[in-house]
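Structure at a glance
For reference, the chains in residue letters:
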Amino acid sequence: MPAHAIDSDTTDVLDVDAVVIGTGFAGLYALHKLRNELHLSVRAFDDADGVGGTWFWNRYPGARSDTEVTAYCYSFDRELFDTWKWTERYPRQAEILSYLNHFADRYGLRENITFGTTIEYAGFNEGTNRWELRTDKGQRVTARFVVEGVGLLSSTNVPSFAGQETFQGEVFHTARWPHDEVSFEGKRVGVIGTGSSGVQCIVEIARAAGHLTVFQRTPQYTVPAQHGPLDPAILDKIHADYDGYWNSVLDSVTAFGFEESDVAAQSVSAEEREAVFEKVWNAGGGFQFMFATFNDIGTELEANNAATDFVRRKIKEIVRDPATAEKLTPYELYAKRPICCDGYYETFNNSNVSLIDVKRHPLIEMTPKGIRTAEEEYELDVIVFATGFDAVTGNYLKIDHHGRGGLSLREKWVHRPITHLGLMTADFPNTFMIYGPNGPFTNQPPAHEVQVNWAIDAIKYVLDNDLETIEPTHAAEIRWLATCDEAAYKTLFPKVNSWINGANIPGKPVTVMFYMSGMRSYMEELQQAVDQKYEDFRLGARSVRV
Ligand code: NA7
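Quick look at the structure, then. Because the structure is predicted, anything quoted here is derived from the model rather than measured.

**Quick notes on helix α4 (residues 93-106)**
For α4, built from 14 residues, the straight-helix expectation of 20 Å at 1.5 Å per residue is met to within 8% by its first-to-last C-alpha distance of 20 Å. Among all positions of α4, only Q93, E95, I96, L97, Y99, L100, F103 and A104 are buried. Elements that come into contact with the buried residues of α4 comprise α1 (25-37), α2 (54-57) and α3 (78-83). Immediately beyond the C-terminal end of α4, within one or two residues, lies G108, with a positive phi of roughly 60 degrees.

Take a look at the structure:
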């Protein structure tokens, strides 16, 4: 038994059928299914003081989903879809958080959630075939099943700069934003980072700040969102064929609910290509620009170059100062998570905004007054870290998991994470990782639903067949890893450093962490596992106790 295992002599332990970790989209749905459909006893834990996951924490100015709202919600409950009033094309953080709170209330989930509590340890007891968990408050819980919806992008990345503690002003991270309003009125603000969070907050902060200094390490391709009120005609169309709509969302590569292109960029003339890029640029959306323009932007170098060429020309047109335009211009492949935001490049035309290229002028330290680069000191009242996340594995590895034989998940994944179907990992029975490593690279809420449904079916299979445990075989997860590698290396994504492959965190293994063959194909893989009666899984029979 591992060193931190729960002391079996102590009696003050909560025993439940299932523990759910996290209460974002995935965790709330898992809790609902486990309790209300399988009628299991369930306890959910969340380190936040409320439900919402990502949307509880990411309250920075301008925070919103950049997925069309009609595909950024649950599909299984038609009445919920019909009665909830979304207002905007891309929902704001507050609106999504209200929706998830409403969902928790609608299904009476709060009574089963312990908030403000972090699961620190989860160890599998092979004697009892139960998980033994411990929280940061010292509570002990045992469960047959564990469903982890801990968040793909949740464990924050806060780089440490020399002198950080000496800074006299306010410091925020976009993903740990305070609940009270933060005023930027007239202040000198520095934002570090220009990913999705950075671009969204830069545009908003620039409106209020006395002066905004953006510290950019790598410029990114940012296309307009073309945000606005939700078009009622879209809702009418969905209402007319609800099932057809959701089938079309899932029967796709990305599950974003828009029509993906089936045309290769190289199959059309340069003029046609330009017209398509222009049309989608004007219609808005980052994923749309990557997947609705042509079907090979993410896979073929020439197609990718055509897209990047187009955006580079747009930057030149929009940004009036040529030196600033040049600093904002990316030259790497367009193979990160695509970004969209209205008014991003335009913001740099404002006289109260300046851009520092920290690759040319590295950030040396934080001082009591601000930030010092190799060139000069920038005096600031507020510093915003928009520096992202230890994505995909970060939150899983924060929990000290020990599987069979005390095997540590941290040790198992030390060189790279390995799972079967992005959902389970060998030697960690009855644990389901929703959006775990090597899950699908898609819009998340529909994928969460698909994965939770699969986990619930697997649990039901265990219960109905009087089994004790289910976990993938080692052979199956090695095959899945090879499948994911093969799919990823057909794309351009592994060629660019980003959180998608772990390259944003110093010392983290840089590796394939997604199944890149799309939602349709992923669902076929899930279905196959069921059709084959889980033959790639080790099914533990109930031992007869006398
Ligand atoms: P991202 O996309 O990982 O962006 C983080 C940004 O912070 C990016 O521009 C980084 O530059 C920059 N960064 C990170 N560390 C540093 C240091 N040490 N110095 C300077 N700049 C730094 O995170 P987001 O929160 O914007 O978005 C993550 C996902 O959340 C997003 O894709 C959505 O799916 C939701 P780099 O590019 O690494 O040079």
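**Examining the site of the ligand**
Near the ligand there are 20 residues, and of these T194, S197, R217, T218 and R337 occur at the shortest range. Between S196 and the ligand, the recorded distance is 3.0 Å, taken from a backbone N or O atom to an oxygen atom. Here an oxygen atom of the ligand and a side-chain polar atom of W499 are 3.1 Å apart. Contact with the protein chains covers 85% of the free accessible surface of the ligand, which is 770 Å². Top element by residues in the shell around the ligand is helix α5 (residues 196-208). It accounts for 3 residues. Classifying every residue of the shell around the ligand by side-chain character gives 7 nonpolar, 10 polar and 3 charged.

**Focus: the packing of aromatic side chains**
Each aromatic ring pair is characterised by the separation of its centres together with the angle its planes make. Evaluation of the coordinates by the stated rule reveals 49 aromatic pairs. Arranged with centres 5.4 Å apart and planes meeting at 70 degrees, the rings of Y221 and Y334 form a pair that is edge-to-face. Separated by 113 residues along the polypeptide, Y221 in the loop between β9 (211-216) and β10 (222-223) and Y334 in the loop between α11 (322-328) and β11 (339-340) bring together distant segments of the chain. Judged by relative accessible area, Y221 falls into the buried class, the value being 4%. Residue classification places Y334 among the buried positions, given a relative accessible area of 3%. Relative to F310, the ring of W281 has its centre 5.9 Å away and its plane inclined at 70 degrees; by these criteria the two rings are edge-to-face. Of this pair, W281 sits in helix α8 (residues 270-283) while F310 sits in helix α10 (residues 301-318), placing them 29 residues apart in sequence. Relative accessible area serves as the criterion here: at 7%, W281 is assigned to the buried category. Residue classification places F310 among the buried residues on the basis of a relative accessible area of 1%. Put simply, the rings of F25, Y29, W55, Y72, Y74, F76, W84, W86, Y99, F103 and Y107 touch in pairs and so form one group of aromatic residues.

**Concerning the pairing of strand β16 (residues 382-385)**
Residues V382 and V384 line one face of β16 and the alternating positions I383 and F385 line the opposite face, and both faces are buried. Sheet topology note: the strand β8 (residues 188-192)/β16 ladder contains 4 bridges and is parallel. Along β16, the bridge assignment pairs I192 with F385.

What counts as what
- Residues numbered from 1 in each chain as written.
- Predicted model: local features only at pLDDT ≥ 70, side-chain atom pairs only at ≥ 80, totals over all residues.
- Heavy atoms only, no water.
- Helix = DSSP H or I, 4+ residues; strand = E, 2+ residues; numbered from the N terminus.
- Expected span 1.5 Å × (residues − 1).
- Buried < 20%, exposed > 50% of the residue type's maximum accessible area, 1.4 Å probe, protein only.
- Contact = heavy atoms within 4.5 Å.
- Near = heavy atom within 4 Å.
- Polar contact = N/O pair within 3.5 Å; in protein donor to acceptor, adjacent residues only side chain to side chain.
- Areas by Shrake-Rupley, 256 points an atom, 1.4 Å probe, with all protein chains shown as cover.
- Nonpolar A, V, L, I, M, F, W, Y, C, P; charged D, E, K, R; others polar.
- Phe/Tyr/Trp six-rings, centres within 6.5 Å; stacked < 30°, edge-to-face > 60°.
- Pairing = 2+ DSSP bridges.

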